[in-house]
Amino acid sequence: MSTESIAAPRSNSAQSPKYKRSKGNNSSFEMAAWLFMRLSGVVLIVLIFGHLFVNLMLGDGIHAVDFGFVAGKWASPFWQIWDLVMLWLAILHGTNGVRTIINDYAERSGTRMTLKTVLYVASGVIVVLGTLVIFTFDPCPPGAVIDLPSFCPVP
Ligand code: HEM
């Protein structure tokens with residue numbers, strides 16, 4: 001096994017250490033963000049493995065996953081809230097993780113700002129679209145040619 005370790009971010013930089021965090025007192029936000037990563041990580045373990053177990057292991061497992069399966073799950077507020085919290089926590093957790101990586105590795109402040117703007121816009125779009133899908137999903141679309149859940153009215 002190699003004994004080489006990974007160099008600290010920007011350790012080769014000419015002006016190292018060059019990135020100074022903003023002058024205002026940011027430490028309480030960074031502390032909250034650090035704590036959020038740990039707490040959301042613990043909750044995500046339950047949500048993600050619960051999701052995988054229910055979708056892939058129970059009943060017919062992966063073979064049962066189709067439109068009707070998703071429609072049946074989202075007919076229950078329990079699974080709507082489960083999926084909503086999983087979506088929000090995963091995106092906030094992932095976004096904050098990538099924010100940290102950008103702050104650590106992007107040397108120029110313009111680059112950092114651009115990357116973080118792209119990150120926040122992408123995360124915002126995913127969270128809004130995902131939330132809309134969970135709450136506006138129609139389990140019985142009129143004129144559907146696929147097998148609909150059993151609770152849909154027979155046309
Ligand atoms: C099984 C659930 C998960 C657990 C227990 C978990 C735990 C953690 C923890 C404790 C950290 C902080 C590491 C550090 O500061 O050194 C972290 C970082 C991170 N996580 Fe997660 N995480 C989970 C799921 C996810 C998911 C679903 C995503 C993506 C959407 C994600 C993306 C990231 C990223 C990008 C970082 C930053 C990595 C870095 O700083 O090098 N994680 N995770």
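Parameters at a glance
Every chain begins its residue count from 1, and numbering advances along the sequence as written. Confidence filtering applies because this is a predicted model: local features only for residues at pLDDT of at least 70, side-chain atom pairs given and counted only at 80 or more, and all residues used for totals across whole chains, interfaces and linings. To get the side-chain values, take all heavy atoms of the structure and skip hydrogens and water. UniProt positions are given in the numbering used here, feature names are shortened, and annotations may be inferred rather than shown by experiment. The rule for donors is simple: N, O or S, within 2.8 Å of the metal, or within 3.2 Å if the metal is Na, K or Ca. Water isn't counted, so a site may look like it is missing partners. Counting from the N terminus, the helices are DSSP H or I runs at least four residues long and the strands are E runs at least two residues long. We define proximity as follows: a residue is near a molecule or strand when any one of its heavy atoms falls within 4 Å of that partner. Here a polar contact means two N or O atoms within 3.5 Å. Within protein one must be a hydrogen donor candidate and the other an acceptor candidate, and residues neighboring in sequence count only if both atoms are side-chain atoms. Between the rings of Phe, Tyr and Trp (Trp by its six-membered ring), a pair exists once the centres lie within 6.5 Å; its type follows the angle of the planes, with under 30 degrees stacked, over 60 edge-to-face, and the other angles tilted. A 1.4 Å probe rolled over the protein chains alone gives each residue an accessible area, and that area as a share of the maximum for its type sets the label: buried under 20%, exposed over 50%, partly exposed in between. Two conditions define a charge sitting above a ring: the NZ of Lys or the CZ of Arg must be within 6 Å of the ring centre, and it must be within 35 degrees of the ring normal. Helices are assigned an expected span. That span is 1.5 Å times one less than the residue count. By definition, residues are in contact when any of their heavy atoms lie within 4.5 Å. Any two cysteine sulfur atoms within 2.5 Å of one another count as a disulfide.

- Looking up the protein chain in an unreviewed UniProt entry gives the name Succinate dehydrogenase, with the organism given as Arthrobacter psychrolactophilus.
- UniProt's Subcellular location (unreviewed entry) comment on the protein chain is quoted here verbatim: "Membrane".

## Considering the coordination of the iron atom of the ligand
So, step 1. Protein coordination of the iron atom of the ligand rests on one atom only, H93 (NE2), at 2.0 Å.
So, step 2. Checked against the element boundaries, H93 lands in helix α3 (residues 77-105).

## Some words on the site of the ligand
So, step 1. Lining the immediate environment of the ligand, one finds M37, R38, G41, L44, I45, A90, H93, G94, G97, V98 and I101.
So, step 2. R38 is positioned such that a nitrogen or oxygen atom in its side chain is 3.2 Å from an oxygen atom of the ligand.
So, step 3. Taking H93, its side chain carries an N or O atom lying 2.8 Å from a nitrogen atom of the ligand.
So, step 4. For the shell around the ligand, the elements supplying multiple residues, two or more each, are α1 (27-56) and α3.

## Details of the packing of aromatic side chains
So, step 1. Evaluated as defined, the whole model comprises 5 aromatic pairs.
So, step 2. Ring plane angle 80° and centroid distance 5.3 Å describe the contact between W74 and F137, whose orientation is recorded as edge-to-face. A residue pair is termed long-range when its members are at least 10 positions apart, and W74 in helix α2 (residues 67-74) and F137 in the segment after α4 (109-136) qualify at 63 residues.
So, step 3. In this structure W74 comes out as buried when scored by relative accessible area, which is 16%.
So, step 4. For F137, a relative accessible area of 25% puts it in the partly exposed group.
So, step 5. Taken together, a centroid distance of 5.1 Å and an interplanar angle of 55° make the contact between W79 and W82 tilted. One end of the pair, W79, and the other, W82, are both in helix α3, 3 residues apart, so they sit about a helical turn from each other. This pair shows no difference in class: W79 is buried, exactly as W82 is.
So, step 6. Linked through ring pairs, F67, W74 and F137 together constitute an aromatic cluster.
So, step 7. A cation over a ring is seen here: K73 above W79, with NZ or CZ 4.4 Å from the ring centre.

## As for α4
So, step 1. Look at α4: 40 Å from first C-alpha to last across 28 residues, which is about the 40 Å you get at 1.5 Å a residue.
So, step 2. Those residues of α4 not exposed but buried are R112, K116, L119, S123, V127, G130 and I134.
So, step 3. Turning to α4, the residues buried within the fold contact α2 and α3.

## Side note on the state of the cysteines
Each disulfide is one covalent bond, formed between the sulfur atoms of two cysteines.
So, step 1. Evaluated as defined, the whole model comprises 1 disulfide.
So, step 2. In this model, C140 is linked to C152 through a disulfide, with the two sulfur atoms separated by 2.0 Å. Sign of the S-S torsion, about -85° for the bond between C140 and C152, identifies this disulfide as left-handed. One end of the pair, C140, is in the segment after α4; the other, C152, is in the segment after α4, and 12 residues separate them in sequence.

## Points about the UniProt feature "transmembrane region" (unreviewed entry) in the protein chain
So, step 1. When the UniProt feature table is mapped onto this chain numbering, "transmembrane region" (unreviewed entry) sits at residues 31-58, 78-98 and 118-137.
So, step 2. This span, residues 31-58, is 93% helix and 0% strand, and a straight line between its end C-alpha atoms measures 39 Å.
So, step 3. Between the C-alpha atoms that bound residues 78-98 there is a distance of 30 Å. The span itself is 100% helix and 0% strand.

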